[in-house]
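Topology and contacts: notes
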Amino acid sequence: MASLFGSSSDMVIEPVAENGSEFLLAIDEKGLYLTTARYVDSNMADPNRYTGARTNMAARLSALGIDVAAVTAANQHRVKKFGEGEIKKKVNPLKASKRAMRG
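Every value quoted in this text rests on a predicted model; they were computed, and no experiment measured them.

Observations regarding the confidence of the model for the chain
Within the chain, residue pLDDT values average 84, and 82% of them lie at 70 or more. Of all secondary-structure elements in the chain, the lowest mean pLDDT belongs to helix H3 (residues 93-102), at 67, while strand S1 (residues 12-18) reaches the highest, 95.

Right under this line is the structure:
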């Protein structure tokens, strides 16, 4: 299921090595970013998606030899859009029944 703050395995494109560290290249609605295996498919928010580390991501990926535009275009199918049937507002049946009695 898509998450607003976490990273899931269906968002991961490929492993990437940078300065001797292993990262995972992932994509979301804002574009490409690097994360670690610790945050993938966990119940934790992924700070790699929402911190300043993402500011110079295009330059960082280009320095690693990654064509940002091509990789982004090729992996748009991985981007989950909210509001398209994935997340629905839950209805409390008790409140719904009370509304029906009033009307």
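Back to the text.
Describing the sheet that holds strand S3 (residues 31-35)
Across the sheet, three strands lie side by side as S1-S2-S3; this open sheet has antiparallel pairing. What marks the edges here is a single partner per strand, and that holds for S1 and S3. Between one strand axis and the next, the sheet turns by 30 degrees as a mean value, whatever way the strands run. As judged from the six bridges shared by S1 and strand S2 (residues 21-28), these two strands associate in the antiparallel manner. Looking at the pairing, Val12 lines up with Ala26 of S2.

Regarding a nonpolar patch on the surface
Among the surface-exposed residues, Leu4, Phe5 and Tyr50 lie close enough to one another that they form a single nonpolar patch of about 300 Å² accessible area. You can see Tyr50 is positioned in the loop between S3 and helix H1 (57-63). Tyr50 sits in the partly exposed class, given a relative accessible area of 34%.

Some details on the side chain of Ser7
Tracing the backbone shows Ser7 in the segment before S1. Overall, the relative accessible area of 4% leaves Ser7 in the buried class. Polar side-chain contacts of Ser7 include one of 2.5 Å to the side chain of Asp46.

Digging into the pairing of S2
Taken residue by residue, a regular strand's side chains alternate between the two faces of the sheet. Burial runs high along S2: six of the eight residues are buried. Two elements, S2 and S3, share five bridges in a ladder whose sense is antiparallel. Bridge pairing in S3 links Leu24 to Thr35. Between the antiparallel neighbours S2 and S3 lie two residues.

Criteria and cut-off values
Residues numbered from 1 in each chain as written. Predicted model: local features only at pLDDT ≥ 70, side-chain atom pairs only at ≥ 80, totals over all residues. Heavy atoms only, no water. pLDDT = per-residue confidence, 0-100. Helix = DSSP H or I, 4+ residues; strand = E, 2+ residues; numbered from the N terminus. Pairing = 2+ DSSP bridges. Axes fitted to C-alpha atoms, helices over the stretch in contact; angles between N-to-C directions. Patch = residues over 30% accessible without salt bridge, like charges linked within 9 Å, V, L, I, M, F, W, Y side chains within 5 Å. Areas by Shrake-Rupley, 256 points an atom, 1.4 Å probe, with all protein chains shown as cover. Salt bridge = Lys/Arg side-chain N within 4 Å of Asp/Glu carboxyl O. Buried < 20%, exposed > 50% of the residue type's maximum accessible area, 1.4 Å probe, protein only. Polar contact = N/O pair within 3.5 Å; in protein donor to acceptor, adjacent residues only side chain to side chain.

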